[in-house]
Amino acid sequence: MAIPPPSFTGSGPTPAPAPLVDNSWAGANDGRGVLEPTTGDAQQLPSQHMPGSAAGARPAAYTTAAQAVYPTLTGIGDGRLPVTERPASFSSDAPADFARWHSAYQVEWLKNQTTPFVPNTYSISDDAGNLIAFYALTDDDRPVNLMTMTKAEYGKLSAADRSVAAGTIGGYLQIIGRLDALGLTTDFSTVSSALSNLQTAIDDSGLPEADKAVFFAQFQLLRGGDPRSTAAVADADMMANITGAIATDVYAERIAAVSERLDRAIRFHATPDPFPVHTQARVVKQPPYFIIPPEPTTELLSTVGTASLIYNGNSTDGGATIRGGYAEFMRAERAILASQTMRAVQAGLPFSDPRLDVANLINFFQLRYEDEARATADAGTEEIRQLNKLLQDYALMQQMVQKQIGFYDPSKQDEKRRFMNVGSYTDGFTRDGNFIETEFAQVDDVRGVQYALFNTTTGSGIVGTYSSDLVAVMRDRNMPRFHFSLILEGSSSFSDLAKKAAEIGEGDRTPAWTGNELDDRHAAALSMFMGDSQIDRAANNRTHPLETLYGANRPLIDILDRRLGVGEDSLALKSKNEWDSFATQLSETVTILNQQNQIRQNEIQNAEKQANRHFELGNNALRKMNDILMSIGRI
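The model shown is predicted, which means the values in this text are computed figures rather than measured ones. Each chain carries its own residue numbering, running from 1 in the written order of its sequence. A pLDDT threshold of at least 70 governs which residues receive local features in this predicted model, and a stricter bar of 80 or more applies before side-chain atom pairs are shown or counted, although totals over entire chains, interfaces and linings include all residues. Excluded from the side-chain calculation are hydrogens and water; included are all heavy atoms of the structure.

## What to know about the pattern of salt bridges
Between Lys or Arg on one side and Asp or Glu on the other, a salt bridge is scored when a side-chain nitrogen of the former is within 4 Å of a carboxyl oxygen of the latter. In total, this model carries 23 salt bridges according to the counting rule given. We note a salt bridge from Arg343 to Glu372, for which the minimum N-O separation is 2.8 Å. Linking Arg343 in helix α12 (residues 320-347) with Glu372 in helix α13 (residues 358-405), this pair joins segments that are 29 residues apart in sequence. Linking Glu382 and Arg385 is a salt bridge whose minimum nitrogen-to-oxygen distance equals 3.0 Å. With Glu382 and Arg385 both in helix α13 and three residues apart, the pair spans about one turn of that helix. We classify Glu382 as buried; its relative accessible area is 8%. The network of salt bridges with common partners includes Arg264, Glu383, Arg600 and Glu603. Working definition: helices are DSSP H or I runs of at least four residues, strands are E runs of at least two. Numbering for both runs from the N terminus. Each residue's exposure class comes from its accessible area (1.4 Å probe, protein chains only) as a fraction of the maximum for that residue type: buried when under 20%, exposed when over 50%, partly exposed otherwise.

Encoded structure:
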């Protein structure tokens, strides 16, 4: 049999079940409880109150409930501390112990002043007569000590508080003389001038328009403008978007960073491409000039070397590394701009997107700062790669110099030799004669036979071809016995002529200089360091962009004797001391370049540390948030 439900007897009514939310934690919050009976009803439609809805990022219902459970002591409204516990000097117009008050009492006192934003209202002298200055922030009612504020703390303030208008922190700092102490100023002239110079440099850079736009967008961000705008900015409007005081040194540092990267891009982009210049010599054996009519040419000897000089010789790889460097630098610039733009756009948005909760916002900025730091490090790494290639080219020239020095006899102080020991003999003898007289040629002991030298070169912008349309450059001059082309790799019938000419009058001496010809890499390296007019001309831009950036002057050496009637463009005789001096100059320049290498390594390490620091700061903030949530969950 079923057990009947219990019955209640008595004269009173049946009691109703107690509500679950009424008077919960009734003793808390000065007896007012925590949760209001209507709270549950108001939350029946959570989609109307979730972050990102019409209620905003912090719905009022949530804020009210959170304030009830964890009251924020702001000194305003319900966030005030008990009146009975106010400091004894709270009613004073200038409480000397103000700095030792609870922040809620400080804000309450500041907000209670009848003449807000008047300096004396916020200036208090302590017992020792020292000035104490406080300010209640407009955004979160938090008091800040203006006498201990740092530049970093000022930079974190809202735009309204940073303003230097009356009634703002910036304005008040200016009144009490703290702006100068913080390194802040309202004088924008220096920064405005630097920005104007940067805009001019971008306009005159000569970069492709798409690459110019990358730097111009960074310029716009520096002046607080829209990075999407491509309109030129008048000098008067350079700082139109900046409010409040600024740190001139910080701004100058940021502008300088962009300017330096722009200068690097300009130099790499403006570097002309190297191209080979095939140097050829032809000697035409002509009949005696007094025979009329002239007889046909009886012999033609010419060089057929395979190696070439390089015009615009800034590297030994045809400029491939430099071109790749420019592309990599611009890739890094685009990554830097993307990070800066995303941060700037995000900072200017109202936080009504539900994805922009605190955790996601921290993660967003953490990744963007890390992206910029990584891009900066990548550009630095590319610069080091460029520098290493330049040092390799210097090393090739140093190898040739050391080989040249090795040809000398240390016991002979006045000994002179030609480059790559051309014109020397197996017994160590070096012929002094630099040219062959052409009026009565002595090459084959046939008097009356005249020789004429023809130089031909090919290459973009170089006059001359390999065709039969030759121009005699020395028909009326003596012919160099040791022509420059003799050091280029390859066989040559002209070499035979030169050897034969060298042997005249020297008995049975055997030439010893064969086998020292230069291949393409060494010829390209020599092209970088030759000081002779054959390749060292104004139109020949051989400077490497890093040499100009670092202030490293490339040493040059002449290897031709261009004196008329003396050298006739023959390879010059030089002493060991001359080559030793050139070797020293090379070493000094390499030292400068290596120093820059170490500087760039340090900059990369700093950029990587900065990227890691952003990551650590973001993770620490997220970890602390998680700890707070876990603590709340355990209550």
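## Structural notes on unusual backbone geometry
With a phi close to 60°, Met420 is a non-glycine residue in the positive phi region. As for its placement among the helices and strands, Met420 is situated in the loop between β7 (416-417) and β8 (435-436). Unlike most non-glycine residues, Asn421 shows phi in positive territory, near 65°. Of note, Asn421 is situated in the loop between β7 and β8.

## Re a nonpolar patch on the surface
A contiguous nonpolar patch, built from Ile628, Leu629 and Ile632 and spanning about 300 Å² of accessible area, is present on the exposed surface. In this structure, Ile632 sits in helix α17 (residues 576-633). Here, patches come from residues exposed beyond 30% relative accessible area and free of salt bridges, joined within 9 Å for like charges and within 5 Å for nonpolar side chains (Val, Leu, Ile, Met, Phe, Trp, Tyr). Each accessible area is a Shrake-Rupley estimate made with a 1.4 Å probe; only the visible protein chains count as cover when residues are assessed.

## Concerning helix α11 (residues 248-270)
A helix's residues, less one, multiplied by 1.5 Å, set its expected span. Taking 1.5 Å of rise per residue, the 23 residues of α11 would be expected to cover 33 Å, and the 32 Å separating its terminal C-alpha atoms lies within 8% of that figure. Among the residues of α11, Tyr251, Ile255, Val258, Arg261, Leu262, Arg264, Ala265 and Phe268 are the ones counted as buried. We call two residues in contact whenever any of their non-hydrogen atoms come within 4.5 Å of each other. The inward-facing, buried residues of α11 contact α9 (189-203), α10 (209-222), α12, α13 and α16 (545-550).

## Observations regarding the confidence of the model for the chain
Along the chain, pLDDT gives the predictor's confidence residue by residue, from 0 to 100. Residue-level pLDDT values for the chain average 75, and 66% of them are 70 or greater. Note that pLDDT drops below 50 for residues 440-452; the model gives that stretch 43 contacts with residues more than four away or on any other chain. Confidence drops under a pLDDT of 50 for residues 456-474, and excluding neighbours within four residues, the segment shows 43 contacts in the predicted structure.

## Some thoughts on the environment of Pro208
Within the element layout of this structure, Pro208 appears in the loop between α9 and α10. Placed 61 residues apart in sequence, Pro208 and His269 show a C-alpha to C-alpha distance of 9.2 Å. Those residues in contact with Pro208 that sit more than four places away from it in its chain are His269 and Tyr326.

## Considerations on the packing of aromatic side chains
Within 6.5 Å between ring centres, the rings of Phe, Tyr and Trp (the latter by its six-membered ring) count as paired, and their orientation is classed by plane angle as stacked under 30 degrees, edge-to-face over 60, tilted in between. Going through the model one piece at a time under the given rule, you end up with eleven aromatic pairs. Both rings, one in Trp101 and one in Trp109, keep their centres 6.4 Å apart while their planes meet at 75°; by these two values the pair is edge-to-face. Like Trp101, the residue Trp109 is buried in the burial classification. An angle of 90° between the planes, with centres 5.3 Å apart, marks the rings of Phe364 and Phe365 as edge-to-face. Its relative accessible area of 16% is what places Phe364 among the buried residues. Given the relative accessible area of 22%, Phe365 is considered partly exposed. Put simply, the rings of Phe90, Phe98, Trp101, Tyr105 and Trp109 pair up and form one aromatic cluster. As a reminder, the over-ring test applies to NZ of lysine and CZ of arginine, requiring each to be within 6 Å of the ring centre and within 35 degrees of the ring normal. Across the ring face of Phe364, the terminal group of Arg368 is positioned such that the distance to the ring centre comes to 5.1 Å. The ring of Phe529 has Arg554 sitting right over it, with the charged end atom 5.7 Å from the ring centre.

## So, the packing of α13 against helix α15 (residues 520-529)
Angles run from 0 to 180 degrees between N-to-C directions of axes, and those axes are lines fitted to C-alpha atoms, restricted for helices to the stretch in contact. Between α13 and α15, whose axes approach to 9 Å, the crossing angle comes to 95°. Of the possible angle classes, the one that applies to α13 and α15 is roughly perpendicular. Facing Leu390, Asp393, Tyr394, Leu396, Met397, Gln399 and Met400 of α13, the residues of α15 in contact are Arg521, His522, Ala525, Leu526, Met528 and Phe529. Any angle that is under 35 degrees is reported as roughly parallel, and any over 145 degrees as roughly antiparallel; angles of 65 to 115 degrees are reported as roughly perpendicular and all others as oblique.

## Describing the side chain of Lys574
Structurally, the position occupied by Lys574 is in strand β13 (residues 574-575). Excluding its chain neighbours within four sequence positions, the residues that come into contact with Lys574 are Tyr408, Glu415, Lys416, Arg417, Ile557, Asp558, Ile559 and Trp579.

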